[in-house]
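Structural features, examined
Residue strings, one per chain:
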Amino acid sequence: MRASGGFSTVNMPENRIEKPDKPREECGIFGVYGKNMDVSRITYYGLYALQHRGQESAGIAVSDGKKVMLHKDMGLVPEVFSQEQLDKLKGHIAIGHVRYSTTGSSHPINAQPLVFRYAKGTLGLAHNGNITNIWDLRSQLTSTGSVFQSTTDSEVIVNLVARYSQNTLEEALAKCMIDVKGAYSLLLITETSLIAVRDTYGFRPLSIGKLGDGYVVASESCALDTVGATKLRDVGPGEIIIINDKGIRSIRALSSRKKAHCIFEYIYFARPDSEMDGFQISQVRREMGRQLAREYPVDVDIVVAVPDSGTTAARGYADESGIPFEEGLMKNRYIGRTFIQPSQDMREMGVRLKLNPMKHVLEGKRVLMVDDSLVRGTTSSKIVKMLRDCGAREVYLCLSSPPVVKSCHYGIDTSNESELVAAQKSVEQIKNLIGVDGLYYLSLEGLLNIFAKDRDNFCTACFNGDYPVEIAKPGNSGKFMLEW
Ligand code: SF4
């Protein structure tokens, strides 16, 4: 059953797919403020454009100036919202969220936006990122009477805002930003305001745009483009933006000593048509491919991509090397989130459902295949076998990222270190494991050089363990955490 206007009674996904062999983005957020606009539909289309950032649940909260209404459920955006539900969400302010869980399990109650009543009225929250001192904060809050409905770290923020309710909302948020450590891009909704917040390091992206007389805020600029908004700029690290009937205001709540934008957004997560923090994603990816070709000039007949994530870098490799780019693997674009996994003896079919090799392109060729990253290595070995079965004479794998050797604590599911193949094995061992003739990773130096004078503004912790924000470990204080 689905419900709106409160915490929904919602459905679990029917068939969970096996853990993918890629890092997974946790969330996408979208918000709009606009009088005389259909804000629920604008948010619906914005979330559609951000669907790649989370496929487990979706939700929209809308305010008409007096009350905040909510609808959320497990599933993809078009599964969660019908025409009728969007019609019910009438107002001039909206925030939306698509989620894939890393903290807090995949459960309906963890779907966002979270909407609460507190001393000053109603507050809704959509969060992208991970709070790193969650254990301490939850412990402090529960010991002084806070009650948590969900297992997400996002609920801690709402509780903290409520704690500071003797202050204005901006002041309360600024105080929260001192307490909360880690990665967060936030959208908040009250009866009268839309508020955007970005953590002081700027881990997760957040852009603001203009739409008619109103404003739109989104995780990626591709969502601004989708709804016809013009990007104004990125929300700055440590910035709070408040939009209401008095206009738009910016507060630099915390000064940013060091920026740490997630470099994996550029390698894999973000859509190629997005622009973030001054860089066009597709241009960066193409340059990664060119840099790979400079670092590893392999003597092959064709360059192919693992679509779609490796395609732009593969074209860059082809540009730089002069070796022709060919479509050697065709992607099935209709594989959804919940297809039934093939049984053990049908595993190869699982990969072939997603990717089909083009025999006439590959047969007799020396092939260089470009992909964005290698996490566990399980899918790559199946793809390489498919290429060889099609008659590829030699197969080389180029990756447009350095080896992923550390887990992410800032909102990306990169698997545990014990599951990361590059943390456990040498390049030679991985090469043998996946069955390639050569395995080449883009160097971290080569990757950072693409960003020129901004090269120090990125988090690279999953490649070198250089975590910009300390990771607090759960102690006894963690024992109250619910597990769904
Ligand atoms: Fe991004 Fe890796 Fe840093 Fe996580 S650890 S924020 S995935 S660069």
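Reading the values: rules and limits
- Residues numbered from 1 in each chain as written.
- Predicted model: local features only at pLDDT ≥ 70, side-chain atom pairs only at ≥ 80, totals over all residues.
- Heavy atoms only, no water.
- Helix = DSSP H or I, 4+ residues; strand = E, 2+ residues; numbered from the N terminus.
- Buried < 20%, exposed > 50% of the residue type's maximum accessible area, 1.4 Å probe, protein only.
- Contact = heavy atoms within 4.5 Å.
- Areas by Shrake-Rupley, 256 points an atom, 1.4 Å probe, with all protein chains shown as cover.
- Pairing = 2+ DSSP bridges.
- Axes fitted to C-alpha atoms, helices over the stretch in contact; angles between N-to-C directions.
- Near = heavy atom within 4 Å.
- Nonpolar A, V, L, I, M, F, W, Y, C, P; charged D, E, K, R; others polar.
- Parallel < 35°, antiparallel > 145°, perpendicular 65-115°, else oblique.
- Left-handed = near helix turned anticlockwise from the far one by under 90°.
- Polar contact = N/O pair within 3.5 Å; in protein donor to acceptor, adjacent residues only side chain to side chain.
- Core = buried A, V, L, I, M, F, W, Y, C linked by side-chain atoms within 4.5 Å.
- Domains from an automatic or database assignment.

Topic: the overall build of the chain
In terms of helices and strands, the chain carries 17 helices and 25 strands. The proportion of buried residues among the 484 residues of the chain is 58%. At a minimum sequence separation of 6, the contacts of the chain that also span at least 24 residues come to 70%. Roughly 19,300 Å² of accessible area belongs to the chain as shown, and the carbon and sulfur atoms make up 50% of that amount.

Structural notes on the sheet that holds strand β14 (residues 247-252)
Taken together, six strands build an open sheet; the order of strands is β6-β7-β8-β9-β13-β14 and the sheet is antiparallel. At either margin of the open sheet sits one strand with a lone partner, and together these are β6 (114-118) and β14. Ignoring strand direction, the axes of neighbouring strands in this sheet form an average angle of 20 degrees. Each of β6, β7 (121-128), β8 (185-189), β9 (194-198), β13 (239-244) and β14 touches helix α6 (residues 169-179); the most contacted strand, β13, lies at about 160 degrees to it.

Describing the site of the ligand
With respect to spatial proximity, the complete set of residues near the ligand consists of R204, C262, I263, F264, C408, Y410, I412, C459, A461 and C462. For the shell around the ligand, the per-class residue count stands at nine nonpolar, no polar and one charged.

Here we look at the packing of helix α5 (residues 154-163) against α6
Put simply, α5 and α6 touch, their axes get as near as 9 Å, and they point 125 degrees apart. It follows from the interaxial angle that α5 and α6 lie oblique. As for the relative orientation of α5 and α6, their crossing is right-handed in sense. Where α5 abuts α6, its residues I157, L160 and V161 lie against L169, A172, L173, C176 and D179. For the contact of α5 with α6, the residue count by class is seven nonpolar, no polar and one charged.

Focus: the pairing of strand β3 (residues 57-63)
Successive residues of a regular strand alternate their side chains across the two faces of the sheet. Where burial is concerned, most of β3 is hidden: seven out of the seven residues are buried. A two-sided burial pattern is seen for β3, the buried positions comprising S57, G59, A61 and S63 on one face and A58, I60 and V62 on the other. Here β3 pairs with strand β4 (residues 68-74) via seven bridges, running antiparallel. Residue pairing across strands places V62 opposite M69, the latter belonging to β4. Adjacent in sequence and paired antiparallel, β3 and β4 are bridged by four residues, among which G65 carries a positive phi angle near 100 degrees. As defined by bridge partners, β3 adjoins strand β5 (residues 93-99) across seven bridges and the pair is classed as antiparallel. Paired with A58 across the two strands is V98, which belongs to β5.

Considering the side chain of H127
Position of H127 relative to the elements: it lies in strand β7. What makes H127 buried here is its relative accessible area of 1%. Among the polar contacts made by the side chain of H127, one reaches the side chain of S154 at a distance of 2.8 Å. Each residue touching H127, except ones within four places of it in the same chain, is listed here: C27, I29, H97, Q112, D153, S154, I157, A183, Y184, S185 and L186.

Looking at the environment of L420
Structurally, L420 can be placed in the loop between β23 (412-413) and α14 (421-424). Using a relative accessible area of 0% as the deciding quantity, one classes L420 as buried. As a C-alpha pair, L420 and V404 span 16 residues in sequence and 6.9 Å in three-dimensional space. Once residues within four sequence positions are removed from consideration, L420 is found in contact with V375, V404, V405, K406, S407, T414 and S415.

Overview of the nonpolar core
Y266, Y317, L368, V370 and F451 are the most contacted members of the largest nonpolar core, which totals 49 residues. Two domains each provide a minimum of three residues to this core, namely domain 1 (2-260) and domain 2 (279-452). Residue contacts for V370: discarding those within four places in its chain leaves L292, V303, V304, A305, V306, G310, A313, A314, Y317 and C398. Counting residues in hydrophobic clusters, the runner-up holds 30 residues, among them L137, F148, L160 and Y164.

Considerations on helix α10 (residues 311-321)
For α10, the full list of buried residues reads T312, A313, A314, G316, Y317 and A318. Of the surrounding elements, those touching the buried residues of α10 are α9 (281-295), β18 (302-305), β21 (366-371) and β22 (394-399). Immediately beyond the C-terminal end of α10, within one or two residues, lies G322, with a positive phi of roughly 80 degrees.

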